Amino acid sequence: MAQQIALNVNGRAVTVGVDDPEMPLLYALRDDLGLHGPRFGCGLGQCGACTVNVDGEAVRSCVTPVSAVARKRVLTLEGLGTPEKPHTLQKAFIEEQAVQCGYCINGMIMQAAALMSSNKNPSDAQIKQALAYNLCRCGTHLRIVRAVRRACCGA
Ligand code: FES
Ligand code: FES
């Protein structure tokens, strides 16, 4: 019988029914809740495409059991801003044209959002360190770093 797990996602209380409480959070977000910001890349915690924030920390949702985030605050790309009122990171990524195929961008933005919540004015070195384990196969890293700098520092 499916187990009901209560979650708080993007400020909304929701419940998902799972046969296996070890099921990755990513599957609950994408398949049960229809949130397609987080992407499936490697499924192994190695690329960062699936990153979401849990209680303000960047988390790889492909290797996080859905049961592990019960009663925690989960934030996905959809909860960060809206098309009408984008988050400063979302605006900066557009302004810097930091996207090629876009597959990695969810992870880049959510990882950067976690950085910004703990460090309002990171140096370039701190931005690069924070994003070091988020992979971009298009090679748009320099623009991504510029976008995060613009969001944090306005430059
Ligand atoms: S899909 Fe989760 S880290 Fe690659
Ligand atoms: S923009 Fe294509 S993987 Fe990063």
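Everything below is about the structure shown above.
On a predicted model such as this, the values are computed, not experimentally measured, just so you know. (Residues numbered from 1 in each chain as written. Chains lettered and ligands numbered in written order. Predicted model: local features only at pLDDT ≥ 70, side-chain atom pairs only at ≥ 80, totals over all residues. Heavy atoms only, no water.)

Digging into the packing of helix α3 (residues 88-95) against helix α4 (residues 105-118)
Relative orientation of the contacting elements α3 and α4 amounts to 130 degrees, with a least axis distance of 10 Å. Classified by the angle their axes make, α3 and α4 are oblique. In this structure, α3 crosses over α4, and the sense of that crossing is right-handed. Between α3 and α4, the residues in contact are Thr88, Leu89, Gln90 and Phe93 and Ile105, Met108, Ile109, Ala112, Ala113 and Met116, respectively. A per-class count over the contact of α3 with α4 returns eight nonpolar, two polar and no charged. (Axes fitted to C-alpha atoms, helices over the stretch in contact; angles between N-to-C directions. Helix = DSSP H or I, 4+ residues; strand = E, 2+ residues; numbered from the N terminus. Parallel < 35°, antiparallel > 145°, perpendicular 65-115°, else oblique. Left-handed = near helix turned anticlockwise from the far one by under 90°. Contact = heavy atoms within 4.5 Å. Nonpolar A, V, L, I, M, F, W, Y, C, P; charged D, E, K, R; others polar.)

Here's the deal with α3
Within the sequence span of α3, burial applies to Leu89, Gln90, Ala92 and Phe93. Viewed end-on, α3 has its buried residues packed into an arc of 165 degrees, placing them on one side of the element. Its buried side turned inward, α3 meets α2 (77-80), α4 and α6 (141-153). Positioned one or two residues after α3, Gln97 has a phi angle of 50 degrees, which is positive. (Buried < 20%, exposed > 50% of the residue type's maximum accessible area, 1.4 Å probe, protein only. Arc of directions from axis to C-beta.)

Let's talk about the packing of aromatic side chains
Per the stated rule, a full pass over the model turns up zero aromatic pairs. If you follow Arg39 out to its NZ or CZ, it ends over the ring of Tyr103, 5.2 Å from the centre. (Phe/Tyr/Trp six-rings, centres within 6.5 Å; stacked < 30°, edge-to-face > 60°. Lys NZ or Arg CZ within 6 Å of the ring centre and 35° of its normal.)

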